[in-house]
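# Geometric and topological summary
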Amino acid sequence: MGKMRKVPLEQVEHYKVHGRTTKERNPLTLFWTGSGIEVNVSGSEIWVELFSDYDCFEPWIRVLVNGEVISRQMVLKGMHKICLFRNMNPEVIKNIQLVKEVQAMSDDEKHCLQLFSFELDGEFYKVAERKLKLEVIGDSITSGEGAIGATCEEDWISMWFSSQENYATLLANKIDAELRIISQSGWGVVSSWNNNPYGAIPPIYEEVCGLLKGERNEALGAYEKNDFKAWQPDVIVINLGTNDGGAFEQPEWRDERTGETFKERKNEDGTYHEEDLERFEWAVRAFLRKLRRLNPNAYLLWVYGILDKPLLPSLQKAINTYQAECEDRKVSLLEIPKMTDEEIGARNHPGKKAHERMAAILSDEIQNKI
């Protein structure tokens, strides 16, 4: 066995960062679900130095050795050294992934997870490139809410989120893709599930992690413009619209500071108000234009329906109109059959079986398209 030595991340020659973040590596801030770091190392032992903070929603991580999960744990507040493996054959090169399980928490300004250094008795080796680059944009489904945990669980807590059990990671593994996830529970295209117009993904898409709040997140670079030239996806999966549909069933949202109100409306006969459907369709078309401007070569695959699909006709209409207006044939809509009772996970969200089915359907669709 060699001598243990501490290596700050900026001095590590070979590693791969997963997930959208800034260029800062001293330390590396892990904002989004599924973000993390991947290394190939020799040696018998390796530790990682992490910093964690939170008010309500603590970060959770997974550690994978050679593609298999060997630990899942909460990261308590403060600086910590966590062992990734010990007493392994020092001559064999191991692939190690440390992955953030929990989404960026827009309602917890203190939620933070950062990686500072490694301590090991081996060497770092180059990490292989994957065939494709995949970006997945969505809400709680894409954040893996309820993908882990018993079906009886109802608490909205970090423990029931999983970046590794959800369809995005399962899909990336199937098509050999490097993955980035942009997702937030409850958010939509126009508004959140409770009619909050500030709970929409499209307005914050161009920033590193624009849905976060607070001076510390600003200092960490959450509001910086994302460097799209540095990482261009081959495929973008958009799984939004579920919460927009749900907002029609919820009371009016009211901003207590300004008195501003917002409401997706239904007519007296239970149908959706035409103006509100038109606003949703416009927002879908506008988001597709933004995605195409920033990701000129990506195939845009909008998926919808695993929980419910009340806005399916409007979504199809919006995508058809966008295709005609922009003469863009690298975009399509894929309807996902609604989850069955056997597929329900925690918090009445899709469970592992539902995510596995989604990943299989998407894998077939993407391979047919590209």
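Description of the structure in this document. (Residues numbered from 1 in each chain as written. Predicted model: local features only at pLDDT ≥ 70, side-chain atom pairs only at ≥ 80, totals over all residues. Heavy atoms only, no water.)

### Thoughts on the environment of P90
So the rule is basically this: Where helices and strands are cited, they refer to DSSP runs of H or I of at least four residues and of E of at least two residues respectively, numbered from the N terminus. Whether a residue is buried, partly exposed or exposed follows from its accessible area with a 1.4 Å probe, protein chains only, as a fraction of its type maximum: under 20%, in between, or over 50%, in that order. Every residue pair with non-hydrogen atoms within 4.5 Å of one another is taken to be in contact.
Checked against the element boundaries, P90 lands in the loop between β8 (78-85) and β9 (94-100). Given a relative accessible area of 32%, P90 falls into the partly exposed group. Sequence separation between P90 and G2 is 88 residues, and the spatial gap between their C-alpha atoms is 8.4 Å. Apart from the residues lying within four places of it in its own chain, the contact partners of P90 are S42, G43 and S44.

### Details of the packing of aromatic side chains
Applicable threshold: In summary, the pairing rule links any two rings of Phe, Tyr or Trp, Trp by its six-membered ring, whose centres are within 6.5 Å, and it sorts them by plane angle into stacked for under 30 degrees, edge-to-face for over 60 and tilted for everything else. A ring is scored as having a charge over it whenever the NZ atom of a lysine or the CZ atom of an arginine sits within 6 Å of its centre and within 35 degrees of its normal.
Per the stated rule, a full pass over the model turns up 8 aromatic pairs. Look at Y205 and F228: their rings are 5.6 Å apart centre to centre, the planes differ by 40°, and that puts the pair in the tilted class. Taken together, the residues span a long stretch of sequence, with Y205 in the loop between β13 (177-183) and α2 (215-219) and F228 in the loop between α2 and β14 (235-239) at a distance of 23 residues. Feature note: the residues Y205, F228, F287 and W302 constitute an aromatic cluster, connected by ring pairs. Above the plane of the ring of Y205 lies R20, whose end atom (NZ or CZ) is 4.9 Å from the centre. Geometry around Y54 places K77 over its ring, the cationic atom sitting 5.1 Å from the centre.

### Points about unusual backbone geometry
Going from N26 to P27, the amide bond is cis rather than trans, its omega being 5°. The phi torsion at E327 lies on the positive side, around 50°, for a residue other than glycine. Among the structural elements, E327 can be located in the loop between α5 (312-326) and β18 (331-335). Under the relative-accessibility criterion, E327 is labelled exposed at 69%. You will see that N348, though not glycine, has its phi angle at about 60°, which is positive.

### Topic: the state of the cysteines
Put simply, the rule is: The criterion for a disulfide is a pair of cysteine sulfur atoms lying within 2.5 Å.
This structure, assessed with the given rule, holds 0 disulfides. Its sulfur unpaired, C112 is 11 Å from the next cysteine sulfur, which belongs to C209.

### Digging into the pairing of β13
For clarity, the threshold we go by: Each pair of strands is called paired provided DSSP finds at least two bridges between the two strands.
With 7 of 7 residues buried, β13 is to be regarded as a mostly interior element. By the alternation rule, side chains of β13 split into A177, L179, I181 and S183 and E178, R180 and I182, which are all buried. As judged from the 7 bridges shared by strand β12 (residues 132-138) and β13, these two strands associate in the parallel manner. Across the sheet, V136 pairs through a bridge with I181, a residue of β13.

### Brief notes about the pairing of strand β6 (residues 60-65)
Counting buried positions along β6 yields 6 of 6 residues, so the element is predominantly enclosed. Judged by which residues are buried, β6 turns out to be covered on both faces: W60, R62 and L64 on one side and I61, V63 and V65 on the other are all buried. Where β6 meets strand β7 (residues 68-74), 6 bridges bridge the pair, whose relative direction is antiparallel. Residue pairing in the sheet places I61 in a bridge with Q73 of β7. In the sheet, β6 pairs with β9 via 5 bridges, with the strands oriented antiparallel. Its bridge partner being in β9, I61 is matched across the sheet by K100.

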